[in-house]
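Analysis of the macromolecular model
Each chain, letter by letter, is given below.
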Amino acid sequence: MAENGQENSKWGMVVDIDRCTGCNGCVVACQSENNIPINLEEHFNQRRAIQWIRVERYWEGEYPDVKARFIPIMCQHCGNAPCEPVCPVYATYHNDEGLNVQVYNRCIGTRFCANGCPYHVRFFNFWEPQWPDSLKNQLNPDVTVRSRGIMEKCSFCIQRIRRSTRESERDGVELEDGDRGLNPACVNSCPTSALTFGDFNNEDSQVSQMKSDAMSGEHGRGYRLMDNLGTDTNVIYLKKVDDSVGSVHGH
């Protein structure tokens, strides 16, 4: 990791679709970690649900030889983000650590950013969130409870990044690659380690090496979602491997 601010980190993620089982553990962990309002049936029927990460399911093949394909999708933290230049109050911007940041108390809810996002990962908060009494004590004190009328999205659990960075500076130690305190909640919750998080600027980090291997050569499994749009995302996907035909599949 970068030492004493000599080089800024560039946080990113590698998602191995071949390992994803579609269990949605990452979705539940994200909801709990980031105080995301509970999605009720009526919200879905109104198309007003909020989930910072979703697992999309695709069916491939013809019955009875049908296979389910899963792909987790969250904010891609684009280096050239379409959501940023359209915000009239600069509520969303790209910081010097590769993160697409959302400033909640600056947002006025125009939803311009959601219209510009090709990945549909930005959500408008239509209501004042409420939790059952049994769940109120589980709210994360490190994360604000957002009020009605603002946009929200995946932040790579920036509160965990900031806390880990402060503690490493306080103790005079270097951030460890793969530290569970640093990792976003979705990464820690994945039972198959399909999600890997870390610093792309650290050549020795696991994500940096995975990215280098995946994106090199014509046989690499790495790709970016909608790469033709030139958004320069900080999330790299590894294609699904189909052993039966010896091929790889992307989405």
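Please read these numbers as outputs of a predicted model, since none were measured by experiment.

Some remarks on the confidence of the model for the protein chain
The predicted model of the protein chain has a mean per-residue pLDDT of 90, with 94% of residues at 70 or higher. Confidence scores differ between elements of the protein chain, with strand 12 (residues 247-249) showing the lowest mean pLDDT of 55 and helix 5 (residues 185-189) the highest of 97. Confidence drops under pLDDT 50 across residues 1-6; counting only partners more than four residues distant or on other chains, this segment forms twelve contacts.

Remarks on the side chain of E152
Structurally, E152 is set in strand 7 (residues 151-152). Look at E152 and you get buried, because its relative accessible area is 1%. Polar side-chain contacts of E152 include one of 3.4 Å to the side chain of N125. Within the structure, the side chain of E152 is placed 3.0 Å from the side chain of R146, a separation counted as a polar contact. Leaving out residues up to four positions away in the same chain, E152 has contacts with P37, I50, W52, Y104, V121, R122, F123, N125 and R146.

Some thoughts on unusual backbone geometry
Of note, the bond from Y63 into P64 is cis; its omega dihedral lies within 30 degrees of zero at 5°. Within the chain, R111 stands out as a residue other than glycine whose phi angle is a positive 70°. One non-glycine residue with positive phi stands out, namely C157, at about 50°. Tracing the backbone shows C157 in the loop between strand 7 and helix 4 (158-171). When its relative accessible area of 5% is taken as the criterion, C157 is described as buried.

Focus on helix 1 (residues 25-33)
Turning to helix 1, its buried residues number three or more, namely C26, V27, A29, C30 and E33. For helix 1, the arc enclosing every buried residue in end-on projection is 165°, short of the 170-degree limit, so these residues lie on one face. A positive backbone phi angle near 50° is found at N35, which sits one or two residues after helix 1.

Considering a negative patch on the surface
Together, E7, D177, E203 and D204 make up a negatively charged patch on the protein surface. Counting through the fold element by element, D177 comes out in the loop between helix 4 and helix 5.

Quick look at the pairing of strand 1 (residues 11-16)
Taking burial as the measure, the six residues of strand 1 include six buried ones, the bulk of the element. Taken together, the five bridges between strand 1 and strand 8 (residues 195-199) define a ladder with antiparallel strand orientation. Bridge pairing in strand 8 links V14 to T196. In the sheet, strand 1 pairs with strand 10 (residues 235-238) via four bridges, with the strands oriented parallel. Paired with V14 across the strands is I236, a residue of strand 10.

Quick look at the nonpolar core
Looking at soluble globular proteins, one finds that nonpolar side chains tend to be buried together. M13, M74, F156, F197 and Y237 are the most contacted members of the largest nonpolar core, which totals 51 residues. When residues of this core are assigned to their parent elements, the largest contribution, four residues, is made by strand 3 (residues 67-74). Within the second largest apolar cluster, six residues are counted, among which are V14, F200, I236 and L238.

Quick notes on the pattern of salt bridges
Pairs can form between side chains of opposite charge whenever their charged atoms are close. Applying the stated criterion across every chain yields a total of ten salt bridges. Across the salt bridge formed by E33 and R160, the nearest N and O atoms sit 3.4 Å from each other. One end of the pair, E33, is in helix 1; the other, R160, is in helix 4, and 127 residues separate them in sequence. Just as E33 is buried, R160 falls in that class too. For E97, the salt bridge identified is with R162, shortest N-O distance 3.0 Å. Taken as a pair, E97 in the loop between strand 4 (92-94) and strand 5 (100-102) and R162 in helix 4 lie far apart in primary sequence, 65 residues in all. Via salt bridges that share partners, D16, R19 and R221 belong to a single interconnected network.

Basis of the calculations
Residues numbered from 1 in each chain as written. Predicted model: local features only at pLDDT ≥ 70, side-chain atom pairs only at ≥ 80, totals over all residues. Heavy atoms only, no water. pLDDT = per-residue confidence, 0-100. Helix = DSSP H or I, 4+ residues; strand = E, 2+ residues; numbered from the N terminus. Contact = heavy atoms within 4.5 Å. Buried < 20%, exposed > 50% of the residue type's maximum accessible area, 1.4 Å probe, protein only. Polar contact = N/O pair within 3.5 Å; in protein donor to acceptor, adjacent residues only side chain to side chain. Arc of directions from axis to C-beta. Patch = residues over 30% accessible without salt bridge, like charges linked within 9 Å, V, L, I, M, F, W, Y side chains within 5 Å. Areas by Shrake-Rupley, 256 points an atom, 1.4 Å probe, with all protein chains shown as cover. Salt bridge = Lys/Arg side-chain N within 4 Å of Asp/Glu carboxyl O. Lys, Arg positive; Asp, Glu negative; His and termini not counted. Charge placed at Lys NZ, Arg CZ, Asp CG, Glu CD. Pairing = 2+ DSSP bridges. Core = buried A, V, L, I, M, F, W, Y, C linked by side-chain atoms within 4.5 Å.

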